[in-house]
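Coordinate analysis (summary)
Here's the letter readout for the chains.
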Amino acid sequence: MKLTEIDAPNFDLAMTLDSGQVFHWEKIGNRFYGTIGDRAVWVEQRGDVALVGHGAPSQSGDSPTLSGMVVNYFAFDHPLAEICRSFPDDPIMNAARSYCRGLRIIRQPRWECLATFITSSMKQVAHIRQISRKLRERFGERREIGNSELFTFPAPARLAGSSERALRECALGYRAKNLLATAQLVESGAVNLEKWSALSDVDLRANLCELPGVGAKVANCVMLFAYERLRAFPIDVWIERVLREQYFPRKRNMTAGRLRAFAETHFGEHGGYAQQYLFHHARMAARANLSAPPR
DNA sequence: CTCCAGGGATGAT
DNA sequence: ATCATCCATGGA
């Protein structure tokens, strides 16, 4: 076990990992255990420093340094103060910005992010976490870290070579068919997720939406979390609720299309970041209301 | 346009 | 201990 300290200014690890953008990190004590690509690590925040525990690299040679991988994964290079300053100055956004200080949109591996969000449709965060764990345990590669074992997210070939039935055993339900079909498209080379990074937002979204199990919402999540398209604005039920109740409280005829058009213009060049802040703030506020309901 | 598949955590009773 | 609710895509 080795330790690495990494400068992590303006960062909140727990907020970042608990904001519904990534689903496999497990909290044990003060540490979050998970994989970054092929590497098993734990991460602990100590003020402005991220302490990272890790085993030996899986392969020697030309792999990037661990600290480089961590900096890239958690996007410590995103100019967060500047990004937050670009949000609109309205009461809703200001409350979310203040609550979510240090939340960063991370850079997830493309396939892992796409596959995970295909499994996310019509599921809540707790279920998505379970599916991710089952897929990893059954099809991923085992890694040891300290006394814990972790599993990498299975490569496309691994899932493409499985079966709808095996995937259903991982609690995917009807999503199994979509994940299998998409894995086979990627594995066959018919789809090259890395090459898609060169596409415009419009073309990337269109290509993603062609994949089985990917609609507008999942496509926007993948654009935001795996392709660093910080303008992409996924609208799920939580965000739709925020938009309707907070921005248009007495407009009865706001269609989904009009809401989408509003979001795309109102939240600006880092709309995806704004969306994540609104999403996380709304979810945490709802949770707080359960323990202390209003009146 | 409507209806529904499929499923496990979570809340309500 | 049961019962209802949450959720996004795609096909009928």
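If you're wondering where the values come from, they're calculated on a predicted model, not measured in any experiment. (Residues numbered from 1 in each chain as written. Chains lettered and ligands numbered in written order. Predicted model: local features only at pLDDT ≥ 70, side-chain atom pairs only at ≥ 80, totals over all residues. Heavy atoms only, no water.)

Examining the domain arrangement of chain A
By domain assignment, chain A separates into domain 1 (1-77), domain 2 (80-105 + 228-295) and domain 3 (108-215). Summarising the inter-unit geometry, the C-alpha centres of domain 1 and domain 2 are found 27 Å apart. Across the interface of domain 1 and domain 2, roughly 1,100 Å² is buried in total on both sides, 44% from carbon and sulfur atoms. When residues of domain 1 are sorted by the area they lose upon contact with domain 2, N10, M15 and S19 head the list and together hold 47% of the total. The interface formed by domain 1 and domain 2 holds zero salt bridges in total. The interface formed by domain 1 and domain 2 holds eight residue pairs in polar contact (both at pLDDT 80 or more) in total. When the residues that make up the side of domain 1 that touches domain 2 are grouped by side-chain class, the tally is six nonpolar, five polar and three charged. (Domains from an automatic or database assignment. Buried area = accessible area lost by both parts, 1.4 Å probe. Salt bridge = Lys/Arg side-chain N within 4 Å of Asp/Glu carboxyl O. Polar contact = N/O pair within 3.5 Å; in protein donor to acceptor, adjacent residues only side chain to side chain. Nonpolar A, V, L, I, M, F, W, Y, C, P; charged D, E, K, R; others polar.)

A look at the pattern of salt bridges
Enumeration according to the criterion identifies 17 salt bridges in this entry. In this structure, E149 engages R142 in a salt bridge whose closest nitrogen and oxygen atoms are separated by 2.6 Å. Taking the shortest distance from any N to any O, the salt bridge between E164 and R168 comes out at 3.1 Å. Of this pair, E164 and R168 both sit in helix α8 (residues 164-168), four residues apart, which is roughly one turn of that helix. (Helix = DSSP H or I, 4+ residues; strand = E, 2+ residues; numbered from the N terminus.)

Let's talk about the sheet that holds strand β4 (residues 39-46)
The sheet built from five strands is open, its strands ordered β1-β5-β4-β3-β2 with antiparallel pairing. For this open sheet the edge positions go to β1 (2-7) and β2 (26-28), each flanked by a neighbour on one side alone. Pairs of neighbouring strands in the sheet enclose a mean axial angle of 30°, with direction left out of account. As judged from the six bridges shared by β1 and strand β5 (residues 49-54), these two strands associate in the antiparallel manner. The residue bridging E5 from the neighbouring strand is L51, located in β5. On top of the sheet, helix α2 (residues 66-73) reaches β1, β3 (31-36), β4 and β5; it is set at about 45° to β1, its chief contact. (Pairing = 2+ DSSP bridges. Axes fitted to C-alpha atoms, helices over the stretch in contact; angles between N-to-C directions. Contact = heavy atoms within 4.5 Å.)

Focus: the environment of A198
Counting through the fold element by element, A198 comes out in the loop between α9 (175-188) and α10 (201-210). The class of A198 is exposed, set by a relative accessible area of 69%. C-alpha separation for the pair A198 and Y227, spaced 29 residues apart in sequence, amounts to 9.6 Å. (Buried < 20%, exposed > 50% of the residue type's maximum accessible area, 1.4 Å probe, protein only.)

Here we look at the protein's contact with DNA strand B
Taken together, M122, K123, Q124, A126, H127, Q130, A171, G173, Y174, R175 and L290 are the residues near DNA strand B. Within 4 Å of the protein, the contacting atoms of DNA strand B are 61% sugar and phosphate, with bases supplying the remainder. In this structure, R175 approaches DNA strand B through a side-chain N or O atom, which is 2.3 Å from a base nitrogen. Of all the elements, helix α6 (residues 125-139) adds the most residues to the surface near DNA strand B, at three residues. In terms of residue class, the surface near DNA strand B is built from five nonpolar, four polar and two charged. (Near = heavy atom within 4 Å.)

Quick notes on the packing of helix α5 (residues 110-119) against helix α11 (residues 216-226)
Close contact between α5 and α11 brings their axes to 9 Å; oriented N to C, the two are set at 150°. Between α5 and α11, the interaxial angle falls into the category roughly antiparallel. In this structure, α5 crosses over α11, and the sense of that crossing is right-handed. Listed contacts from α11 to R110, C113, L114, F117 and I118 of α5 are K217, V218, C221, V222, F225 and A226. Its residues placed into classes, the contact of α5 with α11 shows nine nonpolar, no polar and two charged. (Parallel < 35°, antiparallel > 145°, perpendicular 65-115°, else oblique. Left-handed = near helix turned anticlockwise from the far one by under 90°.)

A few points about the side chain of R175
Turning to its location among the elements, R175 is positioned in helix α9. E164 is the oppositely charged side chain nearest to the buried, salt-bridge-free R175, at an N-O distance of 11 Å. Not counting the four nearest positions on each side in its chain, R175 is found in contact with I118, T119, S121, M122 and K123. (Lys, Arg positive; Asp, Glu negative; His and termini not counted.)

So, the protein's contact with DNA strand C
In the vicinity of DNA strand C there are 17 residues, among which M122, Q124, V218, V237 and W238 approach most closely. Take the atoms of DNA strand C that sit within 4 Å of the protein: sugar and phosphate atoms are 57% of them. Between a phosphate oxygen of DNA strand C and a main-chain N or O atom of V218, the distance comes to 2.8 Å. Between DNA strand C and the protein, one listed contact pairs a phosphate oxygen with a side-chain N or O atom of R241 at 3.1 Å. Elements with a contribution of two residues or more to the surface near DNA strand C: α11 and α12 (237-247). Considered class by class, the residues forming the surface near DNA strand C number nine nonpolar, four polar and four charged.

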